[in-house]
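In case you want the letters, here they are:
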Amino acid sequence: MKLVILGFTGDLTRRLLVPALLRLLARGEVKDLEVLGLGAEDLGEEEILDRLEAFLKGLPGAELSAWPHLRWRTRYRQAGLTPEGLRRALQGLEGDAVFYLALPPALFAQAAEALGALGLAEEKTGFRRLVVEKPFGTDLASARALNAALHRHFREDQIYRMDHFLGKWATTNLLATRFANRFLEPVWRNCHVAWVEITYAETLGLEGRARYYDKAGALRDMLQNHLMQLFALMAMEPPARLSAESLRARKVEILRAVRPIPEGAKGFAARGQYQGYRDEEGIPKTSRTETYAALKLFVDDWRFQGVPFYLRSGKRLTEDVGYVALALRPAPSGCFGEAEPGYLVFWLKPGVGLYLTLYGQSLEKGGLEPHVLRYRPGREPEASAYEELLLDVIRGNLSHFPSEEEVEAAWAIVDPVLKTWQEGEPEVYPRGTDGPRSAEEILEPGHRWLDLGRMARGWR
Ligand code: BG6
């Protein structure tokens, strides 16, 4: 099989794709792989590969044992993203091939068009697959246009839209836990669940991505894609099979059942910007980009009617912690008095695992106290999501890739918020906190965000 990486000299290739490939090769999961790297840089193959090697040697945790093999199987060619530019580089390409667009998003459509114009989407001598990185569009209209552009030459089942959260162990484990334990099924609904919180908090800032980030903001960067996917997996009906077809159908169904966020988004969305964001290199002094976004979603269906799903993510917060938490309704305050909601939590980071709080008798005080059941198998290795997803692409498994309809349905949910946020300013929040206070205002009475510090300590 040939893996053609367009954007071979970019950061994504060296930081995520190549390390993931090295691990797959070392594990013996991929055989007969040839890599053809294409890039804009007019340098010799030796020089490009030397540079990559030097980078990998400095990358913590890189699996270097397979590097000599991969280097031997990798070719580099300079190529522009037009049919003329690609013709020479891809001449004679036969057999199974994956085209990986590790490119800036503005070039996705152009690259797919050039490949298609050369007839490379046609599966005459083997399969042809196209991998598209995120972000997939910047709103509903642009996502539709991009889907239409890709479909000029590629069928939907040839297109793999990357959302690395779907390759995380924690995400697949969430699905496994939900559907491999029958007793959870009757609990997983509005009579037992009071609300659901999906949080992904980062202490990191821009990491040299000012140009991209200032155009995107937290809502586009994290909520529309990653957190919305987690939401769909939590809220959807059980699929009869874990096939791509069933999973995608269930996710689309639930995304389309989300109650439209009203105009103005008051009480449904909150945004913040960390203090000092406008002083970061490459950020305009007047930037209104949000570095924190929170949303409240309701699904009008049988299972979760009346249960709010709270989604939030932000940069420069107090902890690197991510989780999905189901707040469980307390028992009626009869003989045991007032119980707080218990929680079922799936951690995504700092490590993976889960915990469940059940209320029980306190040993000392005689009253009720939370009893915590905890499972913490460890941390997920850095590039492991890419590793899993690349393997899926190679094996032709679309289960962990959002479909055209899902992507559009997710944009349809956030579009009204994006429109509203064209006006006004995000609330400034101090670095190292849980985010802006206005996030509290979207909570229903009696509901609360979990404390980030406690959640991170809870895992440790
Ligand atoms: C990316 C976002 O998709 O996900 C980044 O563009 C974010 O801004 C990252 O930091 C978070 O994912 P992870 O797996 O690196 O924690």
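Per chain, residues are indexed from 1 in the order of the written sequence. Since the coordinates come from a predicted model, pLDDT governs what is reported: local features require at least 70, and pairs of side-chain atoms require 80 or more to be given and counted, while whole-chain, interface and lining totals use all residues. Side-chain measures here rest on the full set of heavy atoms in the structure, leaving out hydrogens and waters.

What follows is about the overall build of the protein. When helices and strands are counted, the protein shows 13 helices and 15 strands. Atoms counted for the radius of gyration: C-alpha only. Globule rule: 2.2 Å times the number of residues to the power 0.38. Expected size for 460 residues packed as a compact globule is a radius of gyration near 23 Å; at 23 Å, the protein falls within 12% of this value. Seen through its C-alpha atoms, the protein measures out along the principal axes to roughly 80 × 50 × 40 Å. For each residue, the accessible area found with a 1.4 Å probe, counting protein chains only, is set against the maximum for its type, and the residue is called buried under 20%, exposed over 50%, and partly exposed in between. Scored against the burial criterion, the 460 residues of the protein give a buried share of 55%. The contact definition used throughout considers only heavy atoms, calling two residues in contact when any of these lie within 4.5 Å. Taking the contacts inside the protein whose residues are at least 6 apart along the sequence as the reference set, 76% of them involve residues at least 24 apart. Note on areas: these come from Shrake-Rupley sampling with a 1.4 Å probe, and a residue is covered only by the protein chains present in the view. Summed over all atoms, the accessible surface of the protein reaches about 20600 Å², with 51% contributed by carbon and sulfur. Think of it this way: Lys and Arg go in the positive column, Asp and Glu in the negative one, and His and the chain ends go nowhere. By convention, charge coordinates are those of NZ in Lys, CZ in Arg, CG in Asp, or CD in Glu. Mean positive and mean negative side-chain charge positions of the protein (60 and 63 charges, respectively) differ by 1 Å. A run of DSSP states H or I qualifies as a helix once it reaches four residues; a run of E qualifies as a strand once it reaches two. Both are numbered from the N-terminal end.

Turning to unusual backbone geometry, a few remarks are in order. Going from lysine 134 to proline 135, the amide bond is cis rather than trans, its omega being -5 degrees. Considering the arrangement of structural elements, one finds proline 135 in the loop between strand E5 (128-132) and helix H6 (140-151). Each neighbour pair has its own omega, and for lysine 349 with proline 350 the value is 10 degrees, a cis peptide bond. Unusually for a residue other than glycine, glutamate 207 sits at a positive phi of about 50 degrees. Following the sequence through the fold, glutamate 207 ends up in the loop between strand E7 (193-201) and helix H9 (210-235). A residue is classified by how much of its surface remains accessible, and glutamate 207, at 54% relative accessible area, is exposed. Notably, alanine 265 is not glycine yet its phi reads approximately 55 degrees, a positive angle. Here alanine 265 shows up in the loop between helix H10 (244-256) and strand E8 (269-274).

This paragraph deals with the UniProt feature "binding site: substrate" (unreviewed entry) in the protein. UniProt positions are given in the numbering used here, feature names are shortened, and annotations may be inferred rather than shown by experiment. Those places that UniProt annotates as "binding site: substrate" (unreviewed entry) correspond, in this numbering, to His164, Lys168, Glu202, Asp221 and Lys315. You can call lysine 168 buried: its relative accessible area is 13%. With near-sequence residues (within four places) excluded, lysine 168 lies in contact with Tyr200, Leu348, Glu380 and Ala385. As for its position among the elements, aspartate 221 is in helix H9. Sequence-distant contacts of aspartate 221, that is, excluding residues within four places in its chain, are made with Lys134, Arg209, Tyr212, Tyr213, His226 and Lys315.

Whenever Lys or Arg places a side-chain nitrogen within 4 Å of a carboxyl oxygen from Asp or Glu, that contact is recorded as a salt bridge. Evaluated as defined, the whole model comprises 37 salt bridges. One salt bridge in this structure joins glutamate 444 and lysine 296, with 2.6 Å as the shortest N-O distance. Here lysine 296 lies in strand E9 (residues 292-297) and glutamate 444 lies in the loop between strand E15 (427-429) and helix H13 (452-459), a separation of 148 residues in the sequence. When its relative accessible area of 28% is taken as the criterion, glutamate 444 is described as partly exposed. A relative accessible area of 5% places lysine 296 in the buried class. We note a salt bridge from lysine 349 to aspartate 320, for which the minimum N-O separation is 3.3 Å. Taken together, the residues span a long stretch of sequence, with lysine 349 in strand E12 (residues 342-349) and aspartate 320 in the loop between strand E10 (309-314) and strand E11 (321-328) at a distance of 29 residues. In this structure lysine 349 comes out as buried when scored by relative accessible area, which is 12%.

With that out of the way, let us pick up the packing of H9 against H10. Interaxial distance between H9 and H10 falls to 9 Å at its minimum, and their mutual angle equals 100 degrees. As the angle between them shows, H9 and H10 are arranged roughly perpendicular. Across from Met228, Gln229, Phe231, Ala232, Leu233 and Ala235 in H9, the residues of H10 making contact are Leu247, Lys251, Ile254 and Leu255. Three residue categories are used. Nonpolar comprises Ala, Val, Leu, Ile, Met, Phe, Trp, Tyr, Cys and Pro, charged comprises Asp, Glu, Lys and Arg, and polar comprises the others, including Gly. The class makeup of the residues in the contact of H9 with H10 is 8 nonpolar, 1 polar and 1 charged. Only C-alpha atoms enter the line fits that serve as axes; for helices the fit covers just the stretch in contact. Angles between N-to-C directions range over 0 to 180 degrees. If an angle is under 35 degrees, it is roughly parallel; if it is over 145, roughly antiparallel; if it lies from 65 to 115, roughly perpendicular; otherwise it is oblique.

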